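So the chains spell out like this:
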Amino acid sequence: MMSDVNIWINDEQVKAKTGQTILQAADAAGIYIPRLCFHPALEPSGSCRLCAVEIEGQRGLPAACTTPVAEGLRVQTQSSKVIDFRREMLQLILQDHPRHCLGCPRNGTCELQQLVAAVGIDFPYPAPDVTRPEPLPGGPYFERDYSLCVRCGRCVRVCHEVRGARTIVFRESKDGRQSVGTPFGRSLEESGCQFCGACVDVCPVGALRENLSDFHGETRAAMDAVCRALTAIVTDLYKKELETQWVSAICPICSAGCRLMLEKSADECLIRVKPSPDGPSNNGQACVQGRFLLKRYIARPERIRRPAVRDAQGWKTLSWDEALKHIADRMKGYSPDQIAVLTDGRLTNEELHVLNRLARESLKTPHVGLMGSRGLGVFEKAVREQLGTVAATNSLKDLAEAPAIFAMGCNPAASHPIAGTAIRQAVLKGAKLVVANPYDVAIARYAHVHLRYVPGSETALVLGLLRIILDEKGVDKNAGPELVAALKELTAPYDVETVSHLTGIHDEELVEAGCMLAARDTTAIVVGLGALESPEVGDLTRALLSLGFAKGSFGKPGGGFWPLFGSSNMQGARDLGWDTAVMDTLASGRLKAVFVAAESYGEECWRALASVRDSLEFVVVQDVVAPPESVRADVLLPLTPLLEKDGSLTNAERRVQWTEKALAPSAGSCTIVQTAAALSRFMGGAEIVEEEPGAILKRLASELKSYAGIDRTRARYEAVQLPCPSADHGGTPILFTDSAPVYKPWRPSQPPRAPQPAEVRQEFPLHLTAKEALYSNYFGPLLAPEARVVMACDGEIEMNPADAYRLGCMPGDTVAVVFNGGEMTGRLALNIHLPLKLVAVPAQQLQSVLGETPVSGTSLAAKVEKR
């Protein structure tokens, strides 16, 4: 607990907390000290020197943002010495700053303008005699007008400290001064930009500004045609006169549960979206999807506006009653065991609860579940077997305090950017990070060890690391002898030499990573989408959990098991009985009719359903937009999206949050509660009464013990974590604190392959795999479209440049990949993100050579020859 200290600021006594800086103490006391480089989300740097203060008994003018308080400290913030110094610093900034304030989008909210007003100007203020360069694009999302840059370093620091992308840096310009840019002047895409907008959010001036062409693009284009010089001024003045309103809502896209602030116009047009600094999960951070693309999704012209049914001539629009009667009549023609109700995990908890009632009471079917890949289903089954539940065991806040982190097949920027910021914070605090991923993903840039394994060897890698931990006596001190014995028996075949041959990782790297994890008290284990594509995803999941048991990762701070993927309410769906087991029933061909309720933001969630579409006779989809044609829906119903309704969501860290209606519901759309109530009447069974979401949550809480302490008010203002069994319970940030899960011994489905003879390895020194088997380690639903460009290669055969140059090959050369079973030729493309000694080719082309042999997630010994 921090104790109070007494300091004096401008001869006024102020109580401060030990550990606070002078700036923090002054802010808490309501005393304003000018600042420019300081931002509450960043570590203070003191570089702008505008927060300089005078301290009695000390030399110089220290920065208030970096100077800690001490008992009896006497501070002057407005002495003549301090004011003169601040004006000197401000003059240095202003001498290069353009005077086009009227046409600047930040006019009126610019922190530099506020500084000028606070500090005052007593020096000549001529405009710089230089030509302003055109702003650079930040993708289609923001603009970079570096002529307005004040070199405060906020954008550089947030990109490094918070996001870990390291895309923005300080560079030395031609005149010897520092300027903001990208490494080596490369494009943002080539530099690994996530387009998260964090740099835009912290910029104090107009140097980084959001591109609002979506909102006033047509008007701006018309004005540009008349007088481009006046466009910025006119549009800025127009926006200032425009009546707008800021509202709050939970992002509907991924499982992070980010609270967002949305600015909308009087006619319910979404102008821009920003992350809320008060969001309990995101703490002022967001991703490209929520920050920039969400407003485009809501305004999609292809939104379903009216119910429609497919007939021989195409789509025929119907009234709601006509569509529901048609659905009911068709559903009555199937037995309950032939019907399934599916979701993508983006409905509210209240909608899921009512939809479950529709399935069981009206359709009489037990088949309800989440759409998902086979890998996700196997993963969930393995986790449930070992832990008894499928959920992240610890909180994001706790992940940021982990002493060690092992990340398997994970690219947080593509599947859970907010968890990526927690991992970055942990590393900055001293955590050891071991990343296992074939690709050079963003978190690998600041990892202590990056294990670039050969696809298909994931299980061997994890069990090999576990054996090293056991050999180094790095297991949890509370691990019992039975557990240690079981783990030793499990890992006995996975010695360092064997694992090195299987994974393609040097034995020294394996030992370094294993010893690093062994030396820490516990380890947080994070799992990404890449793990779900492993050919042995069940064994891999059990191996990761075994690593967690060895390190005592369950039931204690700093540990935990984290699946870093999923939609906005996938955890809530699981809690309410919806899981991916239903996909196995679908694959069996027994089901003939499905009702799908989804708020889809891509095609990923539909792939599993499309793969079994031929066995289905009747498909109903209620969504915001139509599914891909591969789904071949028979009936389309317009869904009210999350931003247009109230309800609760449970995010990946088991945090229940209430989201408010941010926009007026679109005409013609219905919530699932409304649809279920109406459809139940047409089905003629038990009628479902339409209720408001708060009342449904109350009933849900009465039926589900883990939600018993949750109501609308707590979900909105406390956002506690489950389980929460009573109204006076504070929630459960860490699972298993009272009773740790019991390890269940298991055996890999196949023993490790014997290493190939030395002469074979010498003849075939490379590993061949399908490109598609690698993609999930890098790509994901949250990755910016522009960030995918760096993976686009103009050639069928991809290699790391170092391997290609060693063979005397250049991009565009025709090369042959020779392996045991055949060979294939094609144009060579270089991919710096691929690991050494790995060759990637299209799966379809490889499959055509191998015949029926499965290629997904596996690798073959190969060599490359120039032709």
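Above this text you will find the structure in question.
These figures come from a predicted structure and were not determined experimentally.

Student: Whenever I open this one, a negative patch on the surface confuses me. Can you help?
Tutor: A cluster of like negative charges, contributed by E497, D507, E508, E509 and E512, occupies part of the molecular surface. By residue number, the principal contributor to the negative patch is helix α17 (residues 507–518), which donates four residues.

Student: Mind showing me how you'd approach the side chain of R154 here?
Tutor: With respect to the secondary-structure elements, R154 resides in helix α4 (residues 154–162). The buried category is assigned to R154, whose relative accessible area is 2%.

Student: Explain the sheet that holds strand β18 (residues 432–436) to me, please; I cannot follow it from the model alone.
Tutor: Adjacent strands of a sheet form backbone hydrogen bonds with each other and so pair up, either parallel or antiparallel. Taken in spatial order, the five strands make up an open sheet running β19-β18-β17-β20-β21, and their pairing is parallel. Of all strands in the sheet, those bounded by a partner on one side alone are β19 (449–451) and β21 (561–563). The average angle at which neighbouring strand axes cross in this sheet is 15 degrees, direction not considered. Across the sheet, helix α14 (residues 458–471) touches β17 (404–408), β18 and β19, and the angle it forms with β17 is around 165 degrees.

Student: What is the right way to look at the packing of aromatic side chains in this model?
Tutor: When we look at a pair of aromatic rings, we describe it by the centre distance and by the angle of the planes. Counted under the stated rule, the structure contains 13 aromatic pairs. With a centroid separation of 5.4 Å and an interplanar angle of 70 degrees, the aromatic rings of F549 and Y743 are classed as edge-to-face. In this pair, F549 is assigned in helix α19 (residues 537–550) and Y743 in the loop between α25 (712–717) and α26 (758–763), connecting sequence segments 194 residues apart. Plain terms: the ring middles of Y778 and F779 are 5.4 Å apart, the flat faces sit at 85 degrees to each other, and that makes the pair edge-to-face. By the burial criterion, Y778 is buried, and F779 matches it. Here a set of aromatic residues connected by ring pairs shows up, and it is made of Y141, F142, F195 and F292.

Student: Any chance you could explain the pairing of strand β14 (residues 314–317) here in plain terms?
Tutor: Along a regular strand, successive side chains alternate from one face of the sheet to the other. As defined by bridge partners, strand β13 (residues 308–311) adjoins β14 across four bridges and the pair is classed as antiparallel. When the bridges of β14 are listed, A308 appears paired with T317. Taking the residues that link successive antiparallel strands as the turn, the β13-β14 hairpin has two residues.

Student: Can you walk me through helix α7 (residues 288–298) in this structure?
Tutor: Across the 11 residues that make up α7, a large majority, 10, are buried. Every buried residue of α7 is listed here: V288, Q289, G290, R291, F292, L293, L294, K295, Y297 and I298.

Student: For this particular structure, what's the right way to read the pairing of β13?
Tutor: In the sheet, β13 pairs with strand β24 (residues 635–638) via two bridges, with the strands oriented antiparallel. Considered in β24, the bridge of V309 is made with V635.

Student: Help me understand the sheet that holds strand β11 (residues 259–265), please; the structure alone is not making it clear to me.
Tutor: Pairing in this open sheet of three strands is antiparallel, and the strands run β10-β11-β12 from one edge to the other. Edge positions in the sheet fall to β10 (244–250) and β12 (270–275), since each of these pairs with one other strand and no more. Within the sheet, the average angular offset between the axes of one strand and its neighbour, ignoring direction, is 25 degrees. With five bridges joining them, β11 and β12 adopt antiparallel strand pairing. When the bridges of β12 are listed, K264 appears paired with L270. Where α7 meets the sheet, it contacts β11 and β12, and its direction lies at approximately 160 degrees from that of β12.

Student: Is there a simple way to explain the pattern of salt bridges in this structure?
Tutor: Where charged atoms from two side chains of opposite charge approach closely, those side chains can pair. Following the criterion strictly, the structure yields 44 salt bridges and no others. D201 serves as the salt-bridge partner of R291, at 2.8 Å between the closest nitrogen and oxygen. With R291 in helix α7 and D201 in helix α5 (residues 198–202), this pair connects stretches of sequence that are 90 residues apart. A salt bridge links D646 to R712; its shortest N-O distance comes to 3.2 Å. In this pair, D646 sits in the loop between β24 and β25 (647–650) while R712 sits in helix α25, placing the two residues 66 residues apart along the sequence.

Student: Help me out: how do you make sense of the environment of V789 in this one?
Tutor: Along the chain, V789 turns up in the loop between α27 (771–775) and β28 (797–799). In this structure the C-alpha to C-alpha distance between V789 and E190, which are 599 residues apart in sequence, comes to 8.5 Å.

Student: Please explain helix α13 (residues 417–428) as it appears in this structure.
Tutor: Since the α-helix packs 3.6 residues into each turn, any two residues three or four apart lie on the same face. When the terminal C-alpha atoms of α13 are compared, their 17 Å separation across 12 residues agrees well with the 16 Å that a helix rising 1.5 Å per residue should span. Most of α13 is tucked away: 10 of the 12 residues are buried. Where α13 is concerned, the buried positions are P417, I418, A419, G420, T421, A422, I423, R424, A426 and V427.

About the thresholds
- Residues numbered from 1 in each chain as written.
- Predicted model: local features only at pLDDT ≥ 70, side-chain atom pairs only at ≥ 80, totals over all residues.
- Heavy atoms only, no water.
- Patch = residues over 30% accessible without salt bridge, like charges linked within 9 Å, V, L, I, M, F, W, Y side chains within 5 Å.
- Areas by Shrake-Rupley, 256 points an atom, 1.4 Å probe, with all protein chains shown as cover.
- Salt bridge = Lys/Arg side-chain N within 4 Å of Asp/Glu carboxyl O.
- Lys, Arg positive; Asp, Glu negative; His and termini not counted.
- Charge placed at Lys NZ, Arg CZ, Asp CG, Glu CD.
- Helix = DSSP H or I, 4+ residues; strand = E, 2+ residues; numbered from the N terminus.
- Buried < 20%, exposed > 50% of the residue type's maximum accessible area, 1.4 Å probe, protein only.
- Pairing = 2+ DSSP bridges.
- Axes fitted to C-alpha atoms, helices over the stretch in contact; angles between N-to-C directions.
- Contact = heavy atoms within 4.5 Å.
- Phe/Tyr/Trp six-rings, centres within 6.5 Å; stacked < 30°, edge-to-face > 60°.
- Expected span 1.5 Å × (residues − 1).

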